[in-house]
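Structural overview
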Amino acid sequence: MIHIINNYYAVPNNIGFTVVQDKGKVNKDGNKLNTIIGYCGNIEEVCHLAYNVAAGEKVAERDMELSEAIQIMKDTKQMIHKALEGLT
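What you are looking at is a predicted structure, and each value in this text was computed from that prediction instead of being measured.

1. Regarding the layout of surface pockets
One number sums up the size of the largest pocket: a volume of about 210 Å³. Lining the largest pocket are Ile5, Asn6, Tyr51, Ala54, Ala55, Glu57, Lys58, Glu61, Ile72, Asp75, Thr76 and Met79. Elements supplying a minimum of two residues to the lining of the largest pocket: helix H1 (43-60) and helix H2 (66-83). It is H1 that contributes the most residues to the lining of the largest pocket, five residues altogether. Of the residues belonging to the lining of the largest pocket, the class tally is six nonpolar, two polar and four charged.

2. Digging into the environment of Asn27
Relative to the elements of secondary structure, Asn27 occurs in the loop between strand S3 (16-26) and strand S4 (32-40). A C-alpha to C-alpha distance of 23 Å links Asn27 and Ile5, two positions 22 residues apart in sequence. Here Asn31 takes part through its backbone nitrogen, which lies 2.9 Å from a polar atom of the side chain of Asn27.

Thresholds, definitions, all that
- Residues numbered from 1 in each chain as written.
- Predicted model: local features only at pLDDT ≥ 70, side-chain atom pairs only at ≥ 80, totals over all residues.
- Heavy atoms only, no water.
- 1 Å grid on protein atoms, 1.4 Å probe; cavity = no way out; pocket = protein on both sides within 12 Å on 5 of 7 lines; lining within 4 Å.
- Points joined across faces, edges and corners; volume = space filled by probe spheres on them.
- Helix = DSSP H or I, 4+ residues; strand = E, 2+ residues; numbered from the N terminus.
- Nonpolar A, V, L, I, M, F, W, Y, C, P; charged D, E, K, R; others polar.
- Polar contact = N/O pair within 3.5 Å; in protein donor to acceptor, adjacent residues only side chain to side chain.

Purely spatial values, then, with no claim about function.
Structural data, given as structure tokens:
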């Protein structure tokens with residue numbers, strides 16, 4: 001697994017990556033239970049998906065003004081670009 005942000009990970013599969021969220025739960029055998037967020041063809045798509053979902057969660061945490069939500073989205077966009085600097 002490749003750690004992306006917070007509790008989001010990319011798991012390589014035969015066609016690209018599965019993006020999962022670690023919910024901090026384990027099954028009776030002690031294996032982590034992850035929630036599938038989506039499927040992506042490359043790591044750039046993984047970063048966009050993980051960061052956008054994380055930003056959406058942050059905005060949904062509480063009531064806020066539109067300007068504050070926009071700033072969160074801008075900050076998220078900057079984090080995506082920073083994470084992808086080495087790829088492009």
